[in-house]
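# What the coordinates show
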Amino acid sequence: MHRGVVQTVAAVLPHMASQRLWDPDSEPTAPRATNAYADLGFASMSSPVGSIIASPNPQNNDEDDNDVEWELQNNGLYIGSYSRIVLLNALVPIFAITTFTVLAFLPDLAWPIADFPSPYPSSFPFPLPQILISSAFFSLTHLLRIPIFSLTSFLLPLQYASFASTFIHVLITNGLRLASLVILQVRHTMDYPIPTCQDPAFRTVWWLSLNFAEVLAAIIQGYEQLALYRDLMVPEGRETEFLERIKSGSLDESEPTLENPHSPQQEHETFQDALEDGETRSVESRIDRGLEKLLVIKMRDELEEVYGLPVIKIPVFISCLQRFNSIFLSIGFTLLLSAAYLRSPLSIPLLDISIQLSSVPVTDQLKDFLHATSQMHSYDSSHIPFIITTPLVLLLHTSLAVLHTPTLLPRVGVHTAAYVGVLVGLMSFFAGLAVWGALS
């Protein structure tokens, strides 16, 4: 069937390589990488490239540089070195590893305890269960993003589907945080009646909150997004050359990547280009390559709609702040929810209480003692902390998540969203330490 379509295209459009088309329905406001259509027969949009090249003004070099950069971006090209950008973004995983290292040793340095018996076998030592459970739950919530959005889009209008899917995802994420406490039986292994940093349960909750999988997935996703711009980088000093080639319509999208002509991948691409320029060039291979380039263009456009700017224009400092926010928000929210849950009678193992009380004779003195104890510690073991904390955590988490939706993030800006995340992350982090008595 595919070969039949190719034959039809070859019969109907024999002059496809020479005739250039223009789509009148395309949006002129969004920057498009128009040079990516070269193999399909499309030409670049008309632009004031000639005026920029033919009328240089030595007295206004800065303005000329801005015009050149604007014209390149208007044609989907960006000044800079892709290898340099990748090297700079290596600071993000280095920063994440350093942060995790400091946080891993922080409980033992700041809140040491005399004895920490491990309830796990030697073949499955602490903190391996905590890391595996938190990573598994993150993977589950991450995979549920698209099905949740598809379901809400089917039931609600598109402008409300994004917010509804975000809230459902936040609800599932925090519900799984509480479920991890139940799976690990944190309340059963507590040495103190209320949450405290001197309890071994504090270490369990702490390692549950270190979201290694989330940060790792974000770093990998960041490099995948940068790879979409690999073929669009113009080496510094060759801006005028590429503008002239845009004007003449001879620019090929794969040529800006020739920063290292000796790499095997680029030699393979050069060999393919030589074959395609020859007589053996087939319509089928041209269509396949064109579809691949169009897919990359579509992915870049979707990313720019989400962020409001090209990914390569996001500073490395902001990317580091985003990883900082995800780490500290996870720790803060987990500490807050766990402290409220462990204070609630919902977490008390009723089976253990019934076994202990069955062996104790009920007397009037015991009844008076239990009544006095319940009055004295009515807040320490009640539903009030859980009822207050859970909606607050959901509200904060939902607000930050909505701030990163495609509806609001381009308006607010990536920088503003990162700074707000820092404030909320630090606030929740220290609030979580306070409810566990780590600041007193």
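Residues numbered from 1 in each chain as written. Predicted model: local features only at pLDDT ≥ 70, side-chain atom pairs only at ≥ 80, totals over all residues. Heavy atoms only, no water.

### Details of the overall build of the chain
Regarding its fold elements, the chain presents 19 helices and two strands. When the accessible area of the chain is evaluated, it comes to approximately 24,900 Å², of which 65% is carbon and sulfur surface. (Helix = DSSP H or I, 4+ residues; strand = E, 2+ residues; numbered from the N terminus. Areas by Shrake-Rupley, 256 points an atom, 1.4 Å probe, with all protein chains shown as cover.)

### What to know about the packing of aromatic side chains
Tallied over the full model, the rule gives 13 aromatic pairs. Where Phe-202 meets Trp-436, the ring centres are 5.4 Å apart and the plane angle is 55°; that geometry is what we call tilted. Here Trp-436 lies in the segment after α19 (414-435) and Phe-202 lies in helix α9 (residues 200-209), a separation of 234 residues in the sequence. Of the two residues examined, Phe-202 and Trp-436, each falls in the buried class. By way of ring pairs, the aromatic residues Trp-111, Phe-202, Trp-206, Phe-324, Phe-328, Phe-429, Phe-430 and Trp-436 are connected into one cluster. Seen from the ring of Tyr-229, Arg-300 lies directly overhead, with NZ or CZ sitting 5.9 Å from the centre. (Phe/Tyr/Trp six-rings, centres within 6.5 Å; stacked < 30°, edge-to-face > 60°. Buried < 20%, exposed > 50% of the residue type's maximum accessible area, 1.4 Å probe, protein only. Lys NZ or Arg CZ within 6 Å of the ring centre and 35° of its normal.)

### What to know about a nonpolar patch on the surface
On the surface, Leu-151, Phe-154, Leu-155, Leu-156 and Tyr-160 cluster together to form a nonpolar patch covering roughly 600 Å² of accessible area. Counting residues per element, the nonpolar patch draws most heavily on helix α7 (residues 145-155), at three residues. Within the fold, Leu-151 resides in helix α7. (Patch = residues over 30% accessible without salt bridge, like charges linked within 9 Å, V, L, I, M, F, W, Y side chains within 5 Å. Salt bridge = Lys/Arg side-chain N within 4 Å of Asp/Glu carboxyl O.)

### Details of the side chain of Gln-130
You can see Gln-130 is positioned in helix α6 (residues 128-143). Aside from chain neighbours lying at most four places away, what touches Gln-130 is Tyr-120, Leu-184, Thr-204, Trp-207 and Leu-208. (Contact = heavy atoms within 4.5 Å.)

### Comments concerning the nonpolar core
By size, the foremost hydrophobic cluster in this structure holds 71 residues, and its most contacted members are Phe-202, Trp-206, Ile-331, Leu-335 and Leu-433. Top contributing element to this core by residue count: helix α14 (residues 316-343), with 17 residues. (Core = buried A, V, L, I, M, F, W, Y, C linked by side-chain atoms within 4.5 Å.)

### Considering the confidence of the model for the chain
Mean pLDDT over the chain stands at 77; residues scoring 70 or higher make up 65%. Predicted confidence for residues 372-379 stays below pLDDT 50, and this span has three contacts to residues more than four positions away or in other chains. (pLDDT = per-residue confidence, 0-100.)

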